[in-house]
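Working through the structure, step by step
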There are 2 protein chains.
Amino acid sequence: MTAELWLTQLHENGYRLTDARRAVVETVEKSTRALTPVEVYDLARRKYRALGLVTVYRTLEKLEELHLIQRVHQPQGCQAFISAGQGHQHLLLCKNCGQVAFFDGDDLDALTRAIARKSGYQITEHWLQLFGLCADCRTQ
Amino acid sequence: MTAELWLTQLHENGYRLTDARRAVVETVEKSTRALTPVEVYDLARRKYRALGLVTVYRTLEKLEELHLIQRVHQPQGCQAFISAGQGHQHLLLCKNCGQVAFFDGDDLDALTRAIARKSGYQITEHWLQLFGLCADCRTQ
DNA sequence: CTGGTATTGAAAATCATTTTCAATTAGTAT
DNA sequence: ATACTAATTGAAAATGATTTTCAATACCAG
Ligand SMILES: [Mn+2]
Ligand SMILES: [Mn+2]
Ligand SMILES: [Zn+2]
Ligand SMILES: [Zn+2]
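How each quantity is defined
- Residues numbered from 1 in each chain as written.
- Chains lettered and ligands numbered in written order.
- Predicted model: local features only at pLDDT ≥ 70, side-chain atom pairs only at ≥ 80, totals over all residues.
- Heavy atoms only, no water.
- Pairing = 2+ DSSP bridges.
- Helix = DSSP H or I, 4+ residues; strand = E, 2+ residues; numbered from the N terminus.
- Axes fitted to C-alpha atoms, helices over the stretch in contact; angles between N-to-C directions.
- Patch = residues over 30% accessible without salt bridge, like charges linked within 9 Å, V, L, I, M, F, W, Y side chains within 5 Å.
- Areas by Shrake-Rupley, 256 points an atom, 1.4 Å probe, with all protein chains shown as cover.
- Salt bridge = Lys/Arg side-chain N within 4 Å of Asp/Glu carboxyl O.
- Domains from an automatic or database assignment.
- Contact = heavy atoms within 4.5 Å.
- Buried area = accessible area lost by both parts, 1.4 Å probe.
- Polar contact = N/O pair within 3.5 Å; in protein donor to acceptor, adjacent residues only side chain to side chain.
- Donors = N, O, S within 2.8 Å, 3.2 Å for Na, K, Ca; no water.

Time to look at the sheet that holds strand E3 (residues 90–94) of chain B. Backbone hydrogen bonds are what pair the strands of a sheet, in a parallel or an antiparallel way. Read across the open sheet, the 6 strands follow the order E4(A)-E3(A)-E5(A)-E5(B)-E3(B)-E4(B); overall the sheet is mixed. Unpaired on one side and paired on the other, strand E4 (100–103) of chain A together with strand E4 (100–103) of chain B mark the two borders of the sheet. Along the sheet, successive strands turn relative to each other by an average axial angle of 25°, direction set aside.

Laid out in structure tokens, this is it:
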């Protein structure tokens, strides 16, 4: 998924393409760690100096709505966003540097069915997130 | 786990027992759904009218530090707290009424090892949360 | 091009949380 | 019981994050 594709998505959904949006999109799309609105602001302003923080918020909102980014929940806070994975995926976060990796292939069907039976709940969704140290942080 | 036990825990950790704390503890301990600070404030003020919202924040902070409560992350927000389960447990949340149930018995070892091998990460923790409809909300 | 409207950034407003502070009070030592 | 003292309190102010308002600007369909 490239920044151009995100811009196309925005355009196809009736949103205009502006320098502000391009700067935000390019910044968020290429990041391999979750960024807060202020972090996006600081980075994106290198591409487009006049950018306002309000526009960052507004653009992140639209990208989330189009499922191009997703909010990342962490013990330290839940304001950061990362480029969303393809299809059903989960996050693996480095507790040291914040690096984000995606994974899939989790099979929770058996567990889900067992819990549903015991609890009486009808289970429709799950959140799974792994934490640890990335290869780089592990060696250093 | 009863409210009395929580108060004992607080006392044993050097915290004084006050009417304000008793009201907060009794409110949070008996709730089966996650409560935000303001919700705790509103409910606890029925027991202790003079309670201040600041004290709710301060008490929740201490209860979290003693692992008696835990923060609940949800799509709508991450400011709510629920009584913490015993040992390693996970949450099952009703999307309709907010009812919280705990479960354990999840076995993610195989998955964790597979992801660790593929990704190069050293995995130390996991978050797992199930969402659905509780028995009550399912029938109604 | 041009016009209509979406988008912009600045400033103000709102909302959640934290800090400050003087008064009160729990718990211990007399 | 009483006195002492540090922890605790709630109100108010401060902070920080996010949202709203608004007049100026700029995208883009025609
Ligand atoms: Mn999954
Ligand atoms: Mn587990
Ligand atoms: Zn790392
Ligand atoms: Zn329910």
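From this point, the discussion proceeds with the structure in view.
Turning our attention to a nonpolar patch on the surface. Judged by side-chain polarity, B:Val38, B:Leu53 and B:Tyr57 come together as a nonpolar surface patch covering roughly 260 Å² of accessible area. The residue B:Tyr57 is located in helix H4 (residues 53–65) in this model.

All names here are of chain A. By the assigned domains, chain A splits into domain 1 (3–83) and domain 2 (90–138). For domain 1 and domain 2, the distance between their C-alpha centroids amounts to 25 Å. Counting from both sides, the interface comprises 10 residues of domain 1 and, opposite them, 10 residues of domain 2. Summing both partners gives a buried area of about 730 Å² for domain 1 against domain 2, and 60% of it is carried by carbon and sulfur. The interface formed by domain 1 and domain 2 contains 2 residue pairs in polar contact (both at pLDDT 80 or more). Of all the elements in the fold, those that place two or more residues in the side of domain 1 that touches domain 2 are strand E1 (69–74) and strand E2 (77–83). The greatest single-element share of the side of domain 1 that touches domain 2, amounting to 4 residues, is contributed by E1.

It is worth spelling out the coordination of the manganese ion (ligand 1) at this point. All names here are of chain A. At this site the manganese ion (ligand 1) is bound by His88 (NE2), His90 (NE2), Asp106 (OD) and His126 (NE2), with donor distances of 2.0 to 2.1 Å. Sequence positions of the residues that donate to the manganese ion (ligand 1) give the spacing H-x1-H-x15-D-x19-H. You can see His90 sitting in strand E3 (residues 90–94) and its partner His126 sitting in strand E5 (residues 122–133), a full 36 residues away along the chain.

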